[in-house]
Each structure stands twice: as C-alpha cells, then as structure tokens.
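So the chains spell out like this:
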Amino acid sequence: MNLAVFISGGGSNFKALIDAQDEGYFKSQIKYVVSNKDAAGLKYARENNIAYLISKDEYEIIKKLKDHNIDLIVLAGYLVKISKKILDEFTVINIHPSLLPKYGGKGFYGMNVHNAVFENKEKVSGVTVHFVNENLDEGDIILQKELDISKCKDAEEISKEVLKVEHQTLKEVIKKLEEDKCAR
Ligand SMILES: Nc1nc2c(c(=O)[nH]1)N[C@@H](CNc1ccc(C(=O)N[C@@H](CCC(=O)O)C(=O)O)cc1)CN2
Ligand SMILES: O=CNCC(=O)N[C@@H]1O[C@H](COP(=O)(O)O)[C@@H](O)[C@H]1O
C-alpha cells in the first residue's frame, strides 16, 4: 500500500513507521506526509526525502494524495478533524493514546489524555488504532493494547510508556491491513 502520514507534532509515530518500512517489517511505502503546521516531525520527512505538504486546504491535500496514488491515510498525532470530503475518497486510520471509548473525543489529544487518566488514578491505560469516521475517535476499532500504568508516578511517565506501545502497535496494524488487502 502507498501510505500518507498526517502529523501535527513531534512525529515519533511517523519516525517509527519509517524505521519499520526500512527494516522491511511491512511492504507498504510511505509516499507522502501532510501537516497542518510546520511540525517538528517534518524533519523526518526531509531526512528521508519523503515529499510533504503543509496545508489546511482539503482540496490541495486531496489533489496531492491522488497524485501520489495513496491507498491509506495514517493519522499520527494529527489534530485536525478529517472531513467527509477526504473520508469519501480515502481509507483513514488513527492512533489514539488511550483505550477508546474512554478518554476520547473533543479535547482528548496528547497530554490532555494522560493528564485525565492520571487524575482518575487509572491502573491501566493503552492504545487504540481505529478507522476514522466523521466523528472524533468513534470509528471501528482495529487493534487495542493495554498496559499497566500503576507504577507511573505522573502523566509524563504514562505518556512515555504509552508512546512506546503506540510505536509497536501502529506498525502491526499496517502489516495486518496489507495482509488483509492481499487476502481480499
Ligand atoms: N473525522 C475525524 N477526524 C479526526 C479524528 C477522528 O476520529 N475523526 N481523530 C483525530 C485525532 N483526535 C483528536 C481528538 C480531539 C481533537 C481536538 O479536540 N482538537 C481540538 C483542537 C486541537 C488543536 O488544534 O490544538 C479541538 O478543539 O477540536 C483533535 C484530534 C484527528 N482527526
Ligand atoms: O486520536 C486522538 N487524538 C490524537 C492524539 O492525541 N494523538 C497522539 O498524539 C501523539 C503524537 O505523538 P507523535 O507521533 O507526534 O510523537 C501520540 O501519542 C498520539 O497517540
């Protein structure tokens, strides 16, 4: 599959996908990167000669995705709501740093998620990769992984532990989807 990765921040999930691609973990190729701002993670696109676009204009984004024959959009820390225009033309998946439906939806992104989990004294948190639909964080779940956070002393530590599991989970989902596609 030809992948497009959408980012808004540091891009560690994007970097983990580049590494997985380079080690042959999955066959899919990252062909394009989109960000709504000059995100720090774009340095990985520049370092790996992956074409990218900084834009919020969906027509421009859709045109570039078509030019690059994208099969799958991967949202990795992308903080803008994807509209029906894109959803009608592309399959989109998203990685979320909690066990949806808990700690999902408007306002629940990045550290806001881990702060809420910590405030609520959760013993377990986790990661969810789901198909994206028009609502926030409500699409069909593809894979979830739990992790014990009972020893984490603050939200920062939860974030670090969850991020490690995200990096592992996202590449597993890409591999699974490309295998399913071949099966279909
Ligand atoms: N269709 C659709 N689009 C999506 C997702 C989805 O599942 N469905 N998943 C999104 C990732 N999850 C979130 C969850 C909440 C917020 C959020 O709450 N954003 C703030 C703005 C954040 C900012 O710009 O700093 C807001 O007020 O809307 C953003 C992305 C990305 N886009
Ligand atoms: O889906 C819900 N909200 C979106 C969201 O909070 N995504 C989270 O942002 C982080 C991006 O890290 P990066 O990959 O840039 O290092 C990462 O933890 C994602 O799970």
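The numbers attached to residues start from 1 for each chain and follow its sequence in the written order. Numbering of ligands from 1 and lettering of chains from A proceed in the order in which they are written. Totals for whole chains, interfaces and linings use all residues, but because this is a predicted model, local features are given only for residues with pLDDT of at least 70 and pairs of side-chain atoms are given and counted only at 80 or more. Where side-chain values are given, they derive from all heavy atoms of the structure, hydrogens and water being excluded.

Our next topic: the overall build of the protein chain. By the criteria applied, helices consist of DSSP H or I runs no shorter than four residues and strands consist of E runs no shorter than two, each listed in order from the N terminus. On a plain count of helices and strands, the protein chain comes out with six helices and seven strands. Since a compact globule built from 184 residues should have a radius of gyration of about 16 Å, the 16 Å found for the protein chain is in line with a globular shape. Summarising its shape, the C-alpha atoms of the protein chain cover approximately 45 × 35 × 35 Å along the three principal directions. Only protein chains enter the accessibility calculation, which uses a 1.4 Å probe. A residue is then buried if its area is under 20% of the maximum for its type, exposed if over 50%, and partly exposed in between. Buried residues in the protein chain amount to 47% of all 184 residues. Pairs of residues are marked as contacts when any of their non-hydrogen atoms sit within 4.5 Å. Contacts spanning at least 24 positions in sequence make up 66% of the contacts within the protein chain whose residues lie at least 6 apart. Areas reported as accessible are Shrake-Rupley estimates using a 1.4 Å probe. Residue values count occlusion only from the protein chains shown. Total accessible area computed for the protein chain in this model is approximately 9,400 Å², and 49% of it derives from carbon and sulfur atoms. Only four residue types enter the tally: Lys and Arg on the positive side, Asp and Glu on the negative side; His and the chain ends are excluded. For charged residues, the charge sits on one atom: NZ in Lys, CZ in Arg, CG in Asp, CD in Glu. Here the protein chain holds 27 positive side-chain charges and 29 negative ones, and the gap between their average locations is 1 Å. Radius of gyration here uses only the C-alpha atoms, and the compact-globule reference equals 2.2 Å multiplied by the residue count raised to the power 0.38.

Moving on, we get to the nonpolar core. We define the nonpolar core as a collection of buried residues of types Ala, Val, Leu, Ile, Met, Phe, Trp, Tyr and Cys that are connected through side-chain atoms lying within 4.5 Å of one another. Membership of the largest hydrophobic core comes to 38 residues, with the highest contact counts inside it found for Phe-14, Leu-17, Ile-30, Leu-72, Ile-93 and Ile-174. Here the element with the most residues in this core is helix H6 (residues 155–183); it accounts for seven residues. Counting residues in each nonpolar core, the second largest holds 18 residues, with Ala-4, Leu-75, Tyr-78 and Phe-90 among its members.

Nearness here has a simple test: a residue counts as near a molecule or strand if at least one of its heavy atoms is within 4 Å of that partner. Close to ligand 2 lie 17 residues; Ser-12, Asn-94, His-96, Gly-110 and Glu-166 are nearest. Here a polar contact is taken to be a pair of N or O atoms separated by no more than 3.5 Å, where protein atoms must pair a possible hydrogen donor with a possible acceptor and residues adjacent in sequence count only if both atoms sit in side chains. Between ligand 2 and the protein, one listed contact pairs an oxygen atom with a backbone N or O atom of Gly-10 at 3.4 Å. Between ligand 2 and Asn-13 there is a distance of 2.9 Å, counted from an oxygen atom to a backbone nitrogen or oxygen. For ligand 2, whose accessible area on its own is 490 Å², the fraction buried by protein is 88%. When atoms are counted within 2 Å of each cavity's grid points, the one that captures over half of ligand 2 is the largest pocket. Only protein atoms enter the 1 Å grid used here, on which a cavity is any set of points holding a 1.4 Å probe that cannot leave and a pocket is any open set flanked by protein within 12 Å on both sides along at least five of seven lines; residues with an atom within 4 Å of a point are listed as lining. Occupancy of a cavity or pocket is assigned to a molecule whenever over half of its atoms lie within 2 Å of that pocket's grid points.

So, on to the sheet that holds strand E7 (residues 141–148). Any two strands with at least two DSSP bridges between them are considered paired. Read across the open sheet, the seven strands follow the order E3-E2-E1-E4-E5-E6-E7; overall the sheet is mixed. Of all strands in the sheet, those bounded by a partner on one side alone are strand E3 (52–54) and E7. Looking at each pair of strands side by side, their axes are set apart by 15 degrees on average, direction ignored. In terms of strand pairing, strand E1 (residues 2–7) meets strand E4 (residues 72–75) through four bridges, oriented parallel. What sits directly across from Phe-6, in E4, is Leu-75. The axes are straight lines fitted to the C-alpha atoms, using for helices just the contacting stretch, and the angles between their N-to-C directions are given from 0 to 180°.

Just distances and angles here, no functional claims.
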